[in-house]
Amino acid sequence: MKKHRKLKIAASVILLLALAVVIIMVPHMYVPKISDGLSISSHTSHQPKMVAHRGLSGLAPQNSIPAVELAAEYGYDGCEFDIHTTKDGKWVVIHDDTVDAMTDGEGKVSDFTLEEIRKLTLDEGNGIENYDNLKIPTLEEVLEVLGNSDTRPVIEIKGCDVKYIPSLKETLDKYGLAEKSSIISFTREYLEHYRKVDPEARIMLLVSVISEGDVQWCIENGVDTVNFNYFNFSKSIKGYKAAKEKGLSLAAWTVDNTVYKDVMVLFGVETITTNKLIIKK
């Protein structure tokens, strides 16, 4: 009798564990190519700000002008894109530190002059078949698109010599977008240097897991937002609580499923970065 009861308990525990795995993993595994973004959080008073990751990269090649244009057209609050400097110190919009993955060329971005890198053609990315002769954009080209919209630039500094950071601020000033933009990076040195050239800038630290040390660094360096990998939320609890206590804003990347969007909103995350959740047509 006792043995039978123990077996029933063991079976129940195994079933509960299996259900927990399904509840946690299925939404993560099932990521549609494009979603309309409607969810429970779409009907609550707390609406997160939605940021298109590398432009609307679910519909157009990441970090391309069409992806940026679509982010603005669909009404995202922000358009995130990545920047590097070329050999001659010009800002270009590309994610990797090499051109290999997205273009018909090979080599490090920093080994090309602007003139040389503009000769390359984008040949990868969602919807690439719909476009001809796409080039790696310059920062100026992207700002020109966003400057004519309500979508703010969310600029991730990926790779540069810090001596060029003042020119980033100068470029934003040229387009009247310094106050509207957010500057983000995983590299603290870049954020520290940008804070020196623009004491009023909106700056966001990117992390995989929020630690209490990250929160303290943000406080000490005038960084107002910490942006973490939503899938590591369980590992970020201590840092999350510290961020809340210190009054930091919270953002999450890269949320491509409405279930996880709802969870993040439930926990007070104010900004959601996404590749695929469409907010407006």
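In this text the structure is predicted, and so the values were computed from the model without any measurement.

A look at the overall build of the chain
Point 1. Helices and strands together make up the secondary structure of the chain, namely 9 helices and 9 strands.
Point 2. Surface summary for the chain: the accessible area is close to 14,200 Å², and the carbon and sulfur share equals 54%.

Details of helix 6 (residues 188–197)
Point 1. Regarding helix 6, the residues found buried are Y190, L191, Y194 and R195. Across the axial projection of helix 6, the buried residues extend over an arc of 135°, all falling on one side.

As for the nonpolar core
Most often, soluble globular proteins keep nonpolar side chains buried together rather than apart.
Point 1. Ranked by internal contacts, the top residues of the largest apolar core, which has 58 residues, are F81, I83, L168, L172 and I183.
Point 2. Ranked by the residues each element gives to this core, the list is headed by helix 2 (residues 65–73), at 5 residues.
Point 3. The residues touching L168, leaving out its near neighbours within four places in the chain, are I83, W91, L139, I157, I183 and Y194.

Description of helix 8 (residues 237–246)
Point 1. For helix 8, the full list of buried residues reads G239, Y240, A242 and A243. Viewed along the axis of helix 8, the buried residues span an arc of 165°, placing them on a single side of the element. Away from its buried face by more than 90 degrees, helix 8 exposes K238 and E245.
Point 2. Packing partners of the buried residues in helix 8 comprise helix 7 (212–220), strand 7 (225–229) and strand 8 (249–253).
Point 3. Just past helix 8, the residue G247 takes up positive phi, approximately 80°.

A look at unusual backbone geometry
Point 1. Of note, the phi angle at R54 is positive, near 60°, even though the residue is not glycine.
Point 2. Of note, R54 is situated in the loop between strand 1 (49–52) and helix 2.
Point 3. Backbone geometry places N63, a non-glycine residue, at a positive phi of 60°.
Point 4. Position of N63 among the secondary structure elements: in the loop between strand 1 and helix 2.
Point 5. Using a relative accessible area of 2% as the deciding quantity, one classes N63 as buried.

Conventions used here
Residues numbered from 1 in each chain as written. Predicted model: local features only at pLDDT ≥ 70, side-chain atom pairs only at ≥ 80, totals over all residues. Heavy atoms only, no water. Helix = DSSP H or I, 4+ residues; strand = E, 2+ residues; numbered from the N terminus. Areas by Shrake-Rupley, 256 points an atom, 1.4 Å probe, with all protein chains shown as cover. Buried < 20%, exposed > 50% of the residue type's maximum accessible area, 1.4 Å probe, protein only. Arc of directions from axis to C-beta. Core = buried A, V, L, I, M, F, W, Y, C linked by side-chain atoms within 4.5 Å. Contact = heavy atoms within 4.5 Å.

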